[in-house]
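Spelled out, the chains give:
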Amino acid sequence: MRSLITLLTGSEKNRPASRFLRRFLSNPFALPAVVMILLFVLIALGTALLSSFGHQWPCDPNLTNLEQKLLPPSSLHWLGTDNLGRDVLSRMLHGAYISLTVGVVAVSVSLGIGVLVGAISGYFGGLTDQILMRSVDALLCFPTFFLILTVVAILGPSLINIVVIIGLVSWTGTARLVRAEFLTLREAEYVKGARVLGQQSWKIIMHHILPNAAAPILVTAVLGIPDAILSEAGLSFLGFGVQPPQATWGNIIADGKTYLLYAWWLNLFPGLAILIASLSFYLAGDALREAAEGRD
Amino acid sequence: MGSFIIRRLGLSLVLLFIISIISFFIVTLTPGSPYPWGELNPKISAEVKANFRKKFHLDRPLHEQYALTMCDLFTGNLRSIKDDRPVMLRIMERLPATLALNVTSILISLSFGTLLGVAAARYAGSWQEITGSFVTFIFIALPGFWISYLLAIVLVTTFGVPILGTQSYGIDFPNPAAEWLDRLWHLLIPATVLALGGIAAQSRYLRATMIGTMREDYIRTARSKGLREEVVLYKHALRNSIRPIISGIGMLLPALISGAVIVENIFAYPGMGRLGYEAVLERDYPTLVALNFVVAALVLLGNLISDILSAAVDPRVRLE
């Protein structure tokens, strides 16, 4: 473990980065979670890259073969085939790409809005703060998934709509957190110093406050990814996610629900994939949070 | 306490106003046709379209549309596109089932969450506690629809028990008690699925605060008096760590209702979540506006109650 930390931070001395990393890795779930996340990213990007070169492994996710429908897992189809004879493993590999895209893009959107609103609210305070925070309070009363479903249903389901909408409704937590960070950091000596020197507000925000609030923001980002993945899976399951024939983990389960009692592989494997992917992000996020809070 | 409640009520009214704006505009401003039959359907005459526009005030400017829709909502003039019944009536029909489901689910989250949280604080750092915390993370990461199906398979194939709806049909119950037990059973399965996330969240909050409380001097005093560890934990430590649990109820509600959209649909449970999904499928915009509003207002009410409860158990809250 020590050599790994040295390798990553370049020094074994008590630098903040290496202390942070040591705290992070002292959580027993941190390393397995990071390995699973890397594996997930590798699978998603690898599949996308291979298919962009026209090469499908193990086979084309949309290739139907009605003579081979609903086959249980075998050496030919490792995770079985679905009701149209499509290979479940291939479909799940392509589903990984969708899940990763949804997670990363939705979180980027929500992070952008959340940081902006939180920064304005926390830095300027007063009436602006009141209006923004009361809107956040009101938005927090809405059940996120139902709100997403409502908007997706009206707007029409597509990958871009889904990620944008998930991002647009899930920024409230980030905004609250960034605001709280700004409220404390605003009173810090170095921020007051910068203000006395006559620096512009946006420069103080960008150069002095935001970098010091980076750790908690990173934590919310990591914890936001599995939320988005689960929302997309739920939408796909209800038929309002990324549309067929594009495979997603949620719609493989939805397609398989008619054959639930005898084609268990259509339910079990994609469900496990969703569970393991979101679990890894939650565990990594929690380990990051503990490390950021400075608990050894 | 009086002034605290008045301040909280005032704030809630402001939030209710913002909620009504959001729930109206989120449906109205989203691009897409307001017509359930499609914008360019040639079979619909211009007259029908004009009537439709007039009925839902689509011929007025946006702010008037908002005001008129909200008036209609409360006077019962806002009618569903599907069956032309007042939207409020349709929602109120589903309210008892939804309340039963949510209250059961919250009770399950609270009781199991508290037990798990106290145990986690007691054995913090041991391998049992680490395993337990891993399990709570699984609860959070489980897709609700997946675990519902797995449960359904296991319960139906191995035990052969009915699980759909609010009660079993086609059975003559020998006495009312049996009928109520049957209803309770049908309530318990979706409620448990919905409660999983809540159990995890509650136990994690409680563990964090309990570990802080356990370092206090009065806990050491209680221990040195020779009190049993259970008494120290549940009577001394838990009482002073209960606040995050109560304010957590308010945060559980939106997640519960979100989850209910899927879980009620799978278990054919006639609550508001299922109504919402049906409205989405039918593009029933008046129902969607009303449902988003009513659900958010219920959550607001839940928050208000949990704030007042927090203030009742912990006087420090009143001054914040």
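Residues numbered from 1 in each chain as written. Chains lettered and ligands numbered in written order. Predicted model: local features only at pLDDT ≥ 70, side-chain atom pairs only at ≥ 80, totals over all residues.

### Re the overall build of chain B
Right, on to step 1. From N to C terminus, chain B includes 12 helices and 0 strands.
Right, on to step 2. Projecting the C-alpha coordinates of chain B onto the three principal axes gives extents of approximately 85 × 55 × 40 Å.
Right, on to step 3. Here chain B holds 320 residues, and the buried ones make up 37% of them.
Right, on to step 4. Considering only contacts within chain B whose residues lie at least 6 apart along the sequence, 73% involve residues at least 24 apart. (Helix = DSSP H or I, 4+ residues; strand = E, 2+ residues; numbered from the N terminus. Buried ≥ 20, exposed ≤ 12 C-beta atoms within 10 Å, placed from the backbone. Contact = placed C-beta atoms within 7 Å.)

### Quick word on the overall build of chain A
Right, on to step 1. Along chain A, the regular secondary structure elements total 13 helices and 0 strands.
Right, on to step 2. Its helices and strands in sequence order give chain A the pattern α-α-α-α-α-α-α-α-α-α-α-α-α, from N to C terminus.
Right, on to step 3. The principal-axis extents of the C-alpha atoms in chain A amount to approximately 75 × 50 × 35 Å.
Right, on to step 4. Across the 296 residues in chain A, those meeting the buried criterion constitute 46%.
Right, on to step 5. Counting only contacts in chain A whose residues sit at least 6 apart along the sequence, the fraction spanning at least 24 positions is 67%.

### Description of the interface of chain B and chain A
Right, on to step 1. At the interface, 37 residues of chain B touch 39 residues of chain A.
Right, on to step 2. Here the residues of the side of chain B that touches chain A are counted per class, giving 31 nonpolar, 6 polar and no charged. (Nonpolar A, V, L, I, M, F, W, Y, C, P; charged D, E, K, R; others polar.)

### Side note on the confidence of the model for chain B
Interpreting fine coordinate detail is not advised for predicted regions of low pLDDT.
All names here are of chain B.
Right, on to step 1. Here chain B averages 86 in pLDDT, and 98% of its residues register 70 or above.
Right, on to step 2. Confidence, read as mean pLDDT per element, is least for helix α2 (residues 46-55) in chain B (82) and greatest for helix α5 (residues 127-141) (92).
Right, on to step 3. Two numbers describe this predicted complex: its pTM, 0.90, and its ipTM, 0.88. (pLDDT = per-residue confidence, 0-100.)

### Topic: the nonpolar core
Residue and element names in this part refer to chain A.
Right, on to step 1. In this structure, I148 and L149 are the most contacted members of the largest nonpolar core, which totals 156 residues.
Right, on to step 2. Of all the elements, helix α4 (residues 88-124) adds the most residues to this core, at 16 residues.
Right, on to step 3. Filtering out sequence-adjacent residues up to four positions away, I148 remains in contact with I165, I166, V169, S231 and L235. (Core = buried A, V, L, I, M, F, W, Y, C linked by C-beta atoms within 7 Å.)

### Here's the deal with the packing of α4(A) against helix α11 (residues 214-238) of chain A
All names here are of chain A.
Right, on to step 1. Close contact between α4 and α11 brings their axes to 8 Å; oriented N to C, the two are set at 130°. Classified by the interaxial angle, the pair formed by α4 and α11 is oblique. Crossing of α4 against α11: the hand is right-handed. Along its contact with α4, which presents S99, V102, G103, V104, A106, V107, S110, L111 and V115, the element α11 presents I217, A221, G224, I225, A228, I229 and E232.
Right, on to step 2. Taken together, the residues of the contact of α4 with α11 break down into 11 nonpolar, 4 polar and 1 charged. (Axes fitted to C-alpha atoms, helices over the stretch in contact; angles between N-to-C directions. Parallel < 35°, antiparallel > 145°, perpendicular 65-115°, else oblique. Left-handed = near helix turned anticlockwise from the far one by under 90°.)

### Focus on unusual backbone geometry
Right, on to step 1. The step from P244(A) to P245(A) runs through a cis peptide bond, and the omega angle for that step is 10°.
Right, on to step 2. Of note, R283(B) is a non-glycine position whose phi angle comes to about 50°, a positive value.

### Looking at the packing of helix α10 (residues 243-266) of chain B against helix α11 (residues 272-281) of chain B
Residue and element names in this part refer to chain B.
Right, on to step 1. At a minimum axis distance of 7 Å, the contact between α10 and α11 shows a crossing angle of 80°. Compared by their axis directions, α10 and α11 come out roughly perpendicular. From α10, I257, A260, V261, E264 and N265 reach across to α11, where they touch G273, R274, G276 and Y277.
Right, on to step 2. Looking at side-chain class alone, the contact of α10 with α11 contains 4 nonpolar, 3 polar and 2 charged residues.

### Considering helix α7 (residues 159-169) of chain A
Note on helix geometry: an α-helix contains 3.6 residues per turn, so any two residues three or four positions apart are oriented the same way.
Right, on to step 1. Regarding α7(A), the residues found buried are I162(A), V163(A), I165(A), I166(A), G167(A) and V169(A).
Right, on to step 2. Tucked into the core, α7(A) has its buried residues touching α4, α6 (144-155) and α11 of chain A.

### Describing α6(A)
Right, on to step 1. Given a rise of 1.5 Å per residue, 12 residues ought to cover 16 Å, and the 16 Å separating the end C-alpha atoms of α6(A) matches this to within 8%.
Right, on to step 2. Most of α6(A) sits inside the fold, with 11 of its 12 residues counted as buried.
Right, on to step 3. Taken as a whole, α6(A) has its buried residues at T144(A), F145(A), F146(A), L147(A), I148(A), L149(A), T150(A), V151(A), V152(A), A153(A) and I154(A).
Right, on to step 4. Tucked into the core, α6(A) has its buried residues touching α7 and α11 of chain A together with α1 (2-28), α10, α11 and α12 (285-313) of chain B. (Expected span 1.5 Å × (residues − 1).)

### Brief notes about the environment of P270(A)
All names here are of chain A.
Right, on to step 1. Mapped onto the elements, P270 comes out in helix α13 (residues 265-292).
Right, on to step 2. In this structure the C-alpha to C-alpha distance between P270 and A233, which are 37 residues apart in sequence, comes to 9.9 Å.
Right, on to step 3. If near-sequence neighbours (up to four positions away) are discounted, P270 is found in contact with M92, G95, W249, I252 and I253.

### A few points about the environment of D129(A)
Residue and element names in this part refer to chain A.
Right, on to step 1. Structurally, the position occupied by D129 is in helix α5 (residues 126-140).
Right, on to step 2. Along the sequence, D129 and A119 sit 10 residues apart, while their C-alpha atoms lie 9.7 Å from each other.
Right, on to step 3. Once residues within four sequence positions are removed from consideration, D129 is found in contact with S121 and F124.

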